[in-house]
Structures are given as C-alpha cells and as structure tokens.
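# Structure assessment
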Amino acid sequence: KFTRRVFSGIQPSGGLTLGNYLGAIKRFVQMQEEDYETIYCMVDLHAITAKLLDPAELRHNTRELAAGFIASGISPDKSILINQSQVPEHAQLGWIFNCVARMGWMSRMTQWKDKAGKNAENASLGLFAYPALMAADILLYHATHVPVGEDQKQHLELTRDIAAKFNHDYGVDFFPLTEPVIKGAATRVMSLRDGSKKMSKSDPSDASRINMTDDADAIAKKIRKAKTDPDALPSEIEGLENRPEARNLVNIYAALNDQTVEEVLREVGGDQFGVFKPKLADLAVSKLAPISGEMARLMADPAEIDRILAKGAEQAREISAPILKRTYEIIGM
Ligand code: ADP
Ligand code: NA
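Here's a quick rundown of the structure. Note that the coordinates shown come from a computational prediction; the quantities given were computed from them, not determined experimentally. (Residues numbered from 1 in each chain as written. Chains lettered and ligands numbered in written order. Predicted model: local features only at pLDDT ≥ 70, side-chain atom pairs only at ≥ 80, totals over all residues.)

On to helix 4 (residues 89–100). Look at helix 4: 16 Å from first C-alpha to last across twelve residues, which is about the 16 Å you get at 1.5 Å a residue. Residues of helix 4 that are buried: Glu-89, His-90, Leu-93, Gly-94, Ile-96, Phe-97 and Val-100. Buried residues of helix 4, viewed axially, fall in a sector of 165°; they line one side. Across from the buried face of helix 4, at angles greater than 90 degrees, the exposed residues are Trp-95 and Cys-99. (Helix = DSSP H or I, 4+ residues; strand = E, 2+ residues; numbered from the N terminus. Expected span 1.5 Å × (residues − 1). Buried ≥ 20, exposed ≤ 12 C-beta atoms within 10 Å, placed from the backbone. Arc of directions from axis to C-beta.)

Spelled out as structure tokens, the structure:
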C-alpha cells in the first residue's frame, strides 16, 4: 500500500568523502533511475549534534553538499533535493519520536557510544536523540527504502522499531517498516591510515580520507601513502583475509570501476602495492575529477543552488505536511 519511495541524507558537517560517495551517493543516483520516487537531503539539523558549527561554514557546507549531489548525477528534475531545516516537519515529527523511542534503545546505538565516547556527560542531548530524528526524516515521507552504508544499519533497525511501536501503541498501520539498501563493493570504506576505522569527514587526519574536492595530486599522494602490508595482491578473494588495508584498497577500486572484487583480483592479482597504487590513483582521479570540476562550477552560483533547494522544500512539503497532520490526528493533537 506504500509508494516505493527512497529517502536518504548526508550531514553537511564537512566536505564529502570517497566513503560518502561510494557508500551512499552512487546508490542514490542508481535508485533515482529505477522505479522509486527519490528524496535526498542535506541533514543540517544533524550536522550540529556533534558540535555547533560556525554559521558561515555550515551554510557553505550545505551548498557544497548540494553541489556534490548534483555533480554526482542527482537531478533536481528526477529527485527531490532538500535541506532538512527548510522542511519544518522533520523537527516536528522528530519530537514525537523522542517520545516514542525508549532511553534503553538509544543508549545501545554504537554510533552514540563511538561519538560520545567516555565523555557522554558532555555530549549534546541532540547527539543522543539523533537516531530518533533520523527515523523522522525517513518516516515523514513513508519512505520504503533507504540506501546507506553499513554504519547506518543499526539506525535503520531503530527506525523500524519506532514505526512498529507507534503503529502498535495507536492500533494503526500508518508507518511502513523501512528497508535498508546496503549493497556493492564499498558499503564500508575504511580510513587510509587505519584499516579498523571507517573513512569519515570527522576524522581529524586529512590523510585518512579522500575528499571529493581533492585535486589529482592530493589524491595520488594520499593513495601512495595509504597504509598497506608488504605482500603482493592475491588473485583469489581468500587471500585478502586478515589484510584489512589491502582489502579496503581493492574494494575502493572495485566500487569506482563498477566491478566485483573477484573481477579486480583477476586483473591485479600478483601486483605489488607499488604497481597497484598508481593504478588505483589514476582510476580515482578519472572518476572524481569530473565531479569535483562540476562542483566548483555549481558553487560559483550559490543563488542557483538556493533556488533548487527552495523548490525541493516545496515539493517535499506536499508529501510531509499531510503525513504530519495525520500523525497529529492519530495522537490526538
Ligand atoms: P560521515 O561519517 O562522513 O559524517 P554521514 O554520517 O553524513 O557521513 O553519512 C552519510 C552517508 O554516507 C551514510 O549513508 C553513510 O552510511 C555513508 N558513509 C559515510 N561514511 C562511509 C564510509 N566510510 N563507507 C561507506 N559509507 C559511508
Ligand atoms: Na526514480
């Protein structure tokens, strides 16, 4: 009974990374071309949960993220592209879900534990509530599918728990049980400096990640310096076991080139990293340079980006306002 509808978002908390691109945006573009209505969001309300940002920086990041989406192939004619704070229903439904979600559920979120760390006393209440707002982002549109990286799997389970509890407590079948879409060779791109950490825009080390705005020299240098082991690449996938850094570089290659890991190893098995890394750097530059060039072009006209986001907000509210209204009615508001 629910329309096949995709919602997903990215925080404008810093520049886009190769992890965001391969783990999320590439899939966003594919699903836009498939049989779904697609809504993609700069989640600026989420971007201030870790720390309050400089206002000019947040505004810049939001526009740059919009430019990154469009430059990667998300078309404002085929998808609804929005900035979260411009659609007030996100925060409104977020509050309702703060009252549906249980403290125990929230304290079990591994991302909360990772991000708050040992200093939870000093973390913002928003960081703790983040997954309930994320559930609102998704369910506000009755989204049935959410393309995300591995790291978001637990938050999607929580979204289903919130939908199920709401439906059960009010005796309705109102919110769908949304499916995560996690697939491809790079659902978890790891740091270039430490194969046990995910590549993230919030990692303090710039050498740990490839930014979508990095130039060819920076990309080549980061890949050349990426942590690896002394062995040659295997020709079978089993040979990558217990070699997280090698595995990560091969995964990145496969995802960039739309190949499987097996296909890549058939070609590069036997290569030393001294040979493989330049191949990977060339591939990364050839795929990313057109995107970063287009991002720069779009960023030269910020007013046009703002117009696209204003139009997106209007389209989004046609879906979100009736769903919020019905939610309030169900609750007795
Ligand atoms: P970040 O961790 O860089 O702040 P976000 O939390 O804004 O990124 O995540 C945006 C999207 O990008 C999510 O779908 C997330 O799963 C995906 N993503 C982020 N980092 C990675 C990564 N290293 N590998 C794969 N996907 C990722
Ligand atoms: Na579509």
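So that's the structure; there's more coming.
To continue, consider the nonpolar core. When a protein is soluble and globular, its nonpolar side chains tend to lie buried together. Grouped together as the largest cluster of nonpolar side chains are 91 residues, with contacts concentrated most on Ile-39, Ala-66, Phe-97, Ala-135, Ile-162 and Ile-252. Broken down by element, the residue count for this core peaks at nine residues, all from helix 12 (residues 273–299). When residues of this core are assigned to domains, at least three map to each of domain 1 (5–181 + 302–331) and domain 2 (206–296). If sequence neighbours within four positions are ignored, Ile-39 has contacts with Val-6, Phe-7, Ser-79, Ile-80, Ile-82, Tyr-141 and Ala-316. (Core = buried A, V, L, I, M, F, W, Y, C linked by C-beta atoms within 7 Å. Domains from an automatic or database assignment. Contact = placed C-beta atoms within 7 Å.)

A separate point is the environment of Ala-186. As for its position among the elements, Ala-186 is in the loop between strand 5 (179–181) and helix 9 (216–224). When the C-alpha atoms of Ala-186 and Asp-44 are compared, they prove to be 25 Å apart, with 142 residues separating the residues in sequence. In contact with Ala-186, other than residues within four places in its own chain, are Leu-22, Gly-23, Asn-251, Ile-252 and Ala-255.

Within the structure, ligand 1 sits among 20 residues, and Gln-11, Gly-19, Gly-23, Gly-149 and Val-189 are positioned closest to it. Here the shell around ligand 1 gets four residues from one element, more than from any other, and that element is helix 1 (residues 18–33). For the shell around ligand 1, the residue count by class is five nonpolar, eleven polar and four charged. (Near = placed C-beta within 6 Å. Nonpolar A, V, L, I, M, F, W, Y, C, P; charged D, E, K, R; others polar.)

One can describe the packing of helix 10 (residues 244–256) onto helix 12 by two numbers: an axis separation of 10 Å at closest approach and a directional angle of 40°. When the interaxial angle is binned, helix 10 and helix 12 end up oblique. Like other packed secondary-structure pairs, helix 10 and helix 12 cross with a definite hand, here left-handed. Contacts between helix 10 and helix 12 pair Leu-249, Ile-252, Tyr-253 and Leu-256 from the former with Leu-280, Leu-283, Ala-284 and Lys-287 from the latter. Partitioned by chemical class, the residues of the contact of helix 10 with helix 12 number seven nonpolar, no polar and one charged. (Axes fitted to C-alpha atoms, helices over the stretch in contact; angles between N-to-C directions. Parallel < 35°, antiparallel > 145°, perpendicular 65-115°, else oblique. Left-handed = near helix turned anticlockwise from the far one by under 90°.)

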